[in-house]
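A closer look at the structure
What follows is each chain in one-letter form.
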Amino acid sequence: MARINSNTELEELRQEILSKRDQNKPRIAVCAGTGCLASGAAKVIAALKEEIKKQGLNADVDIKETGCPGFCERGPIMVIYPEEICYLQVKPDDIPEIISETIKERKVIDRLLYTDPTTGEKVTHESEIPFYKNQKRLLIGTNINIDPKSIEDYLAIGGYRALAKALFDMTPEQVLEEVKRANLRGRGGGGFPAAKKWETTRNVPREPKYVIVNADEGDPGAFMDRAVLEGNPHSVLEGLVISAYTIGSHEGFIYVRQEYPLAVENVDIAIKQAEEYGFLGQNILGSGFDFIVNVHRGAGAFVSGESSALMTAIEGKVGEPRPKYIRTAVSGIWERPSNLNNVETLANVPLIINNGAEWFTSIGTEGSKGTKIFSLVGKVNNTGLVEVPMGMSLREIIYNIGGGIPGDKKFKAVQTGGPSGGVIPEQYLDTPVDFDELTKLGSMMGSGGMIVMDEDTCVVDVARYFVDFLCDESCGKCIPCREGLKHMREVLNNIVEGKGNEGDIELLEELSRLMTKASLCALGTSAANPVSTTIRYFGDEYQAHIKESKCPALVCKELVSYYIEPSKCQACMICLRNCPVEAISGGKNQIHVIDQAKCIKCGVCFDACPTRFGAVIKISGEPVPASLPEKERSLVRGKK
Amino acid sequence: MDEITLQIDGREVKAEEGKTILDMAKSLGIDIPTLCYHPALSPFGACRLCSVEIISRGRSRIVTSCNYPVEEGLVVNTKSPDVIELRKMLVELMLARCPNVKIIQDLAKEYGVEKPRFKLEDEKCILCGLCTRICDERIGVSAINFIGRGVDRKVETPFQGTLDIDLDVCLCCGACASVCPTDAIELEDTTNKKPIPILSEYNVGLESRAPVYIPFPQAVPNVPVIDREKCVHFVTGECKICEEFCEPNAIDFEQEDEIIEVEVGNIIVATGFNAFDPSPIYQYGYGRLDNVVTSLEFERMVNSAGPTEGEILLKDGSHPKSIAIIHCVGSRDEKYHEYCSRVCCMYSMKLAHLIKEHSEAEVYELYIDIRSFGKGFEEFYNRVLDEGTIFIRGRPAEITDIAETPEEEGKLIVQFEDTLIGRQRRLPVDMIILSVALEAQPDAEAVARLFNISRSADGFFLEKHPKLDPVATMTDGIFVAGCCQGPKDIPDTVAQASAAAAEVLAMISKGRVEVEAATAVINEKICSGCQICKLVCSFSAVDYDEEKKVCRVNEALCKGCGACVGGCPSDAINLKHYTNEQIVAQMEGMLV
Ligand SMILES: Cc1cc2nc3c(=O)[nH]c(=O)nc-3n(C[C@H](O)[C@H](O)[C@H](O)COP(=O)(O)O)c2cc1C
Ligand code: SF4
Ligand code: SF4
Ligand code: FES
């Protein structure tokens, strides 16, 4: 491929690519993102290729291995064009049928369609599935149309048009102004206005300047950046080059965690292609602007995502936050001005340049514009990646997109913002989700983690879980964060084990204050959020644990006892046979009883007891009723 | 450079750009606690103890003063209630982590923290990072670093010495251990290397010393020296901390050794003796058995300015209950030195006396003969006897730690023949002092050649005449004094030195040297430069002129003995007033 040397050449190439594509030719898109690969997409794709070859359809059907469209829970996902038929959870065995029925006969296979859990109706088209219908997928919506390893696919959807526009029709100042007016805020956690940061770096009179993509994504369970980078790497590259042009930087880094091999692979390929086509390297598109990119693989620590830690890591040292009151935008990598942006932030940039700030600001709320991708997980029917306009309420996200809470359970709380985000209770479900509203509630947008919890979740246990995670993921450098977290964990462990003391809540609050005020980096200053918000919204649950030795959600093992309700026990002996420590006595027609001294509280009996009997119950905070005397245990059937 | 004005605790101060709040607070004498700050190292920002409250651009916030750069108009409060509360809790957390660390205990006292409300641990390391930074930033090797994240963080070498990789970057310089405020570093454990201490020469290896040190308290001049072989700067080119901290700027790494030439008319050689190294006497176990020491080592130990401050200690740190002093180690022994070292009996008794003075230990002196010949010496011998020191006549055959009876368990046993009762005996003791011989310096040969003086069979320098000229040598103007001439005690040395000085003064006050009338002269025209004359001259009076390639006689040294005249193969030498012609003429006159 010869390098493209002007805007005209770019548009000519685009037309050439499009003209070669027949929109009516059957095309089977299969998600080959990490999620779907884990659920067997590779075998599905292999079977598909095999079948097409067998049926001699090679020339008549296109297969596309794409990035993640978000509905990972139902993977492997397949969308068949031009009809846009969406099949979920496809297995290799389904392939012959798909080819002979759907491709050849144009018939839809009902079995593979999405079924509405309430109405039982089948949904044929991808865009009609409620999970997708209620989203606004500006960034990940195109993933299913693109083979991330093909630059032509990106060009076909208008790729690099924004770069050409910026380079040829706009001055760096104009680009800056556009992004400023769009009020694009950082998606990596802080929500800092991107244009402001760019301007700072741009104005520092030191060369060279660096631009960096933060693709560390260390939050457990979060994978929005992975989906974007894996599924549409060129969109990030395009945003990066535009930011470099604006700032006046000629060298960039993509810091991507080692644990994302597919993202690394796709980014490497994308960079090579972009260099070949002239979107990177010397004299980009003939504009005279030079820019090169290096990929830095991070060793994958949560704290390495913090800006100064990340830059220290790029310098080849241990990725630890550094104590500087000079911003990295002014003095970053090798003490040079360095602009750091999140993957998603940069992916938004081409959209803004192409469509204008007005268009962008028409989406979202007063202070937060555009869309945001969330990783919706936990006790919710549809888990996966969801991209919604800023300002959509938590309720809409959880119920309309997420499909509500499974198994008739009640919603209890949602945790947003990753491990150091806060827990938000039911009364705030109608809060519009944007940077400022979440902060007001004591939580944060973070990078977009969203964990839904139902009534069977103990918030104290949840707080303990996050604190435990942070104990391992803090870099351990500063006292408030390291020692503070350690003792928070200690106190929380005591509380969930029923060994809590009067004053523990105050002590936790004191530690929270110290960590928030005195820690070196944002990990430490936000680390107390899970604790402080759960105390704020669920203080009575803490009290119950401490004062009554009671876990209201019946989760904390040490505070829960298992008991067989004599009136409900049908003496089926299932629990007795399953108990690993033989703590249950009983027999045929003998009401079963649990020997509390032997019981290890594994909960096997609780799960084993048939739901229609529901005889095994959990008790917390009150004494277990005395077992029936031996002679009263024979079961008189029919009497109940 | 622009000056910046800021306010700390209500006091205005002007600062240079680049200074920190902490720097300026210090200059005002305002105390801010720190744990991870060190003036020679880059700020770390880890302990947060130096937090202060600032008002900058109208906003109040808490920052760490050790790395917050001064700004125009900055208002700083180092002791606001928020700051104090915060520091107090930090101290409480640290006290829970390190309840037995002195600096933390002190801080706790200062901030009124009594008992932490948290679970106690017993760590020594406060994770201040001083050690890792000094190793990286100043020593330049980065041999230790933090490993583990979060609550598992600790100081280690790369790969914790578990992998079979010898990175071998650690210099074992000990900088980390010396900078550690809590003594948390056991060099060997932390670095996985065996540290080789630099032994103090003055304290005969009983103590280690730093690479920059004052040789000994009374050294002249009394200033430190840098040991180039050990100083990290001379090894790696880095460090230079001393240069930074020496206020009078006295450190000069460029300084070289100099050779100073002085012209003199007389030289007194007083190069002293060498203490005999008893390690070749294998059966005495020196260097092999703990608590077998030489008299010189013991001398340092018992000295109140010495490494143990005068306390007599065994290797394990306990006090000995019995000590044996072995006389004549290396002296009066055909295998080593046949001569009597003359001072050992008396200094051994002095040591016995000191032991009695400093401790409760039993003392045994194992001697061959007691030679207490000097003034007051016999009286001192009697006194030591009275003090309870037990004298046993017999030369030990062996010192061993192999016990034969339960009483000997854990002791050193001296095996010897008690010649007064004619029986083999075993004496179990805790410590053994070897009273080592005095011997000639190892470089005596070279010195003798340099000054053209002779040595006797025992290796010491030879005087001109034992009775008639005991401080002069065969070379005029060269004198000897002290033990370089032979073992002697201090009074004898002083007497001899005075004599030598007197001889020299006599020469100087005379102002001139009387030369022999009959000295040899070399006829340069005939001399072939074979230097046989130089070889045969016992008075070093012949010099060889490198340029002219001839020999020449120094008249001030020539004694007119005529040895060279007879020796010269080309008949180039004549003795003044005794030339061949003169002698032949005399003979002819007599014969006629
Ligand atoms: C502990 C910690 C972890 C972080 N991890 C990430 C991350 O994985 N990805 C990311 O983009 N930003 C992360 N950040 C935020 C970055 O420090 C930085 O604010 C962000 O990358 C800037 O980009 P943006 O302005 O585009 O959001 C993290 C911050 C902290 C304190
Ligand atoms: S706040 Fe935590 S993660 Fe940040 S520097 Fe301190 S110890 Fe490290
Ligand atoms: S070993 Fe000493 S110097 Fe090193 S981090 Fe620990 S306390 Fe600080
Ligand atoms: S001295 Fe400033 S943070 Fe430790």
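Residues take numbers from 1 onward in each chain, read along the sequence in its written order. Chain labels run from A onward and ligand labels from 1 onward, assigned in the order the entries are written. The predicted nature of this model means local features are confined to residues of pLDDT at least 70 and side-chain atom pairs, given and counted, to a pLDDT of 80 or more, with totals for whole chains, interfaces and linings taken over all residues. Processing note: side-chain calculations cover all non-hydrogen atoms of the structure and skip hydrogens and water entirely.

1. Regarding the overall build of chain B
When you go through chain B residue by residue, the secondary structure sums to 16 helices and 25 strands. Against the 2.2 N^0.38 benchmark of 25 Å for 592 residues, chain B shows a C-alpha radius of gyration of 36 Å, more extended than a compact globule. Across its three principal axes, chain B shows a C-alpha extent of roughly 130 × 75 × 50 Å. Per-residue burial for chain B yields a buried fraction of 44% across its 592 residues. Note on definitions: a residue-residue contact is assigned when non-hydrogen atoms from the two residues lie within 4.5 Å. The contacts in chain B between residues at least 6 apart in sequence include a share of 57% that link residues at least 24 apart. When the accessible area of chain B is evaluated, it comes to approximately 32,600 Å², of which 52% is carbon and sulfur surface. Positive charges are assigned to Lys and Arg, negative charges to Asp and Glu, while His and the chain termini are left out of the count. Here the site of a charge means NZ on Lys, CZ on Arg, CG on Asp, or CD on Glu. Looking at charge distribution, chain B has the averaged site of its 61 positive side-chain charges lying 2 Å from that of its 95 negative ones. Put simply, DSSP H or I for four residues or longer makes a helix, DSSP E for two residues or longer makes a strand, and each gets a number counted from the N terminus. Radius of gyration means the value over C-alpha atoms here, while the globule rule gives 2.2 Å times the residue count to the 0.38 power. Buried, partly exposed and exposed residues are distinguished by accessible area as a fraction of the type maximum, computed with a 1.4 Å probe on protein chains only: under 20%, between the cut-offs, and over 50%, respectively. Using a 1.4 Å probe, accessible areas were evaluated by the Shrake-Rupley method; residue-level cover was limited to the displayed protein chains.

2. Considerations on the site of ligand 2
One heavy atom within 4 Å of a molecule or strand makes the whole residue count as near it. Taken together, 13 residues sit near ligand 2, with Cys-475, Lys-477, Cys-478, Cys-481 and Cys-521 of chain A positioned nearest. Within the shell around ligand 2, the residues separate by chemical class into eight nonpolar, four polar and one charged. Any residue outside Ala, Val, Leu, Ile, Met, Phe, Trp, Tyr, Cys, Pro, Asp, Glu, Lys and Arg is labelled polar, Gly included; the first ten of those are nonpolar and the last four are charged.

3. Notes on the pattern of salt bridges
For this document, the term salt bridge refers to a Lys or Arg side-chain nitrogen within 4 Å of an Asp or Glu carboxyl oxygen. This model, assessed by the stated rule, comprises 68 salt bridges over all chains. Close ionic contact of Glu-524 of chain B with Arg-552 of chain B constitutes a salt bridge, the shortest N to O distance being 3.2 Å. You can see Glu-524 of chain B sitting in the loop between β22 (520-522) and α14 (532-536) and its partner Arg-552 of chain B sitting in strand β24 (residues 550-553), a full 28 residues away along the chain. Glu-524 of chain B gets classed as partly exposed once you look at its relative accessible area, which sits at 32%. Residue Arg-552 of chain B is classed as partly exposed on the basis of its relative accessible area of 33%. Several salt bridges share partner residues, and in doing so they unite Arg-482, Glu-483 and Lys-486 of chain A together with Arg-97 and Glu-121 of chain B into one network.

4. Some remarks on the sheet that holds strand β2 (residues 62-66) of chain A
Residues and elements named next belong to chain A. In this analysis, strands are considered paired if DSSP registers two or more bridges between them. The strand order β2-β1-β3-β4 describes an open sheet built from four strands, whose pairing is mixed. Each edge of the open sheet is held by one strand with a lone partner, namely β2 and β4 (85-87). Each strand axis lies, on average, 20° off the axis of its neighbour in the sheet, ignoring direction. Where strand β1 (residues 27-31) meets strand β3 (residues 78-81), four bridges bridge the pair, whose relative direction is antiparallel. The residue bridging Arg-27 from the neighbouring strand is Tyr-81, located in β3. Sitting on the sheet, helix α4 (residues 95-105) is in contact with β1, β3 and β4, with an inclination near 25° to β3. In this analysis, axes come from line fits to C-alpha atoms, helices being fitted only over the stretch in contact, and the angle between any two N-to-C directions falls in the range 0 to 180 degrees.

5. Considering the interface of chain A and chain B
Each partner contributes residues to the interface: chain A has 33 residues there, and chain B has 34 residues. Between chain A and chain B lies a buried interface of about 3,000 Å² when both sides are counted; carbon and sulfur atoms form 59% of it. What counts as buried area is the accessible surface, traced by a 1.4 Å probe, that two parts surrender upon association, with contributions from both included. Three residues stand out in chain A for area buried against chain B, namely Tyr-325, Ile-479 and Lys-517 of chain A, and they jointly supply 24% of the buried area on that side. Seen at the junction of chain A and chain B, the total is seven salt bridges. Of the charged contacts, one joins Lys-517 of chain A and Asp-82 of chain B as a salt bridge, the two residues approaching to 3.6 Å between their closest N and O atoms.

6. Focus: the domain arrangement of chain A
Reports of interface size often rely on the accessible area that becomes lost once the parts have come together. All names here are of chain A. Looking at the assigned domains, one finds that chain A contains domain 1 (7-133), domain 2 (195-346), domain 3 (371-454), domain 4 (459-547) and domain 5 (560-639). Taking only C-alpha atoms, the centre of domain 3 and the centre of domain 4 are 22 Å apart. Listed per partner, the contact involves 17 residues of domain 3 and 15 residues of domain 4. Roughly 1,200 Å² is buried in total at the junction of domain 3 and domain 4, and carbon and sulfur atoms are behind 66% of that figure. Here domain 3 is connected to domain 4 by one salt bridge. The partner of Lys-412 in a salt bridge is Glu-541, and the shortest N-O contact between them spans 2.8 Å. Two N or O atoms form a polar contact when they lie within 3.5 Å of each other; inside protein one atom must be a possible hydrogen donor and the other a possible acceptor, and for residues adjacent in sequence the pair counts only when both atoms belong to side chains. The interface formed by domain 3 and domain 4 includes six residue pairs in polar contact (both at pLDDT 80 or more). Of all the secondary-structure elements, those providing two or more residues to the side of domain 3 that touches domain 4 are β13 (411-416), β14 (422-425) and β15 (449-454). Grouping the amino acids of the side of domain 3 that touches domain 4 by side-chain chemistry returns nine nonpolar, six polar and two charged. Each domain's extent is set by a domain assignment, obtained either automatically or from a database.

7. Considering the nonpolar core
Counting residues in hydrophobic clusters, the biggest one holds 209 residues, and the most contacted among them are Phe-279, Phe-291 and Tyr-542 of chain A. Each residue touching Phe-279 of chain A, except ones within four places of it in the same chain, is listed here: Ile-4, Leu-10, Ile-151, Leu-155, Tyr-160, Leu-163, Val-241, Ala-274, Ile-284 and Leu-285 of chain A. Grouping buried Ala, Val, Leu, Ile, Met, Phe, Trp, Tyr and Cys residues that are joined through side-chain atoms within 4.5 Å yields what is termed a nonpolar core. If you look at the next biggest cluster of nonpolar residues, it comprises 52 residues, including Phe-276, Val-292, Val-363 and Ile-370 of chain B.

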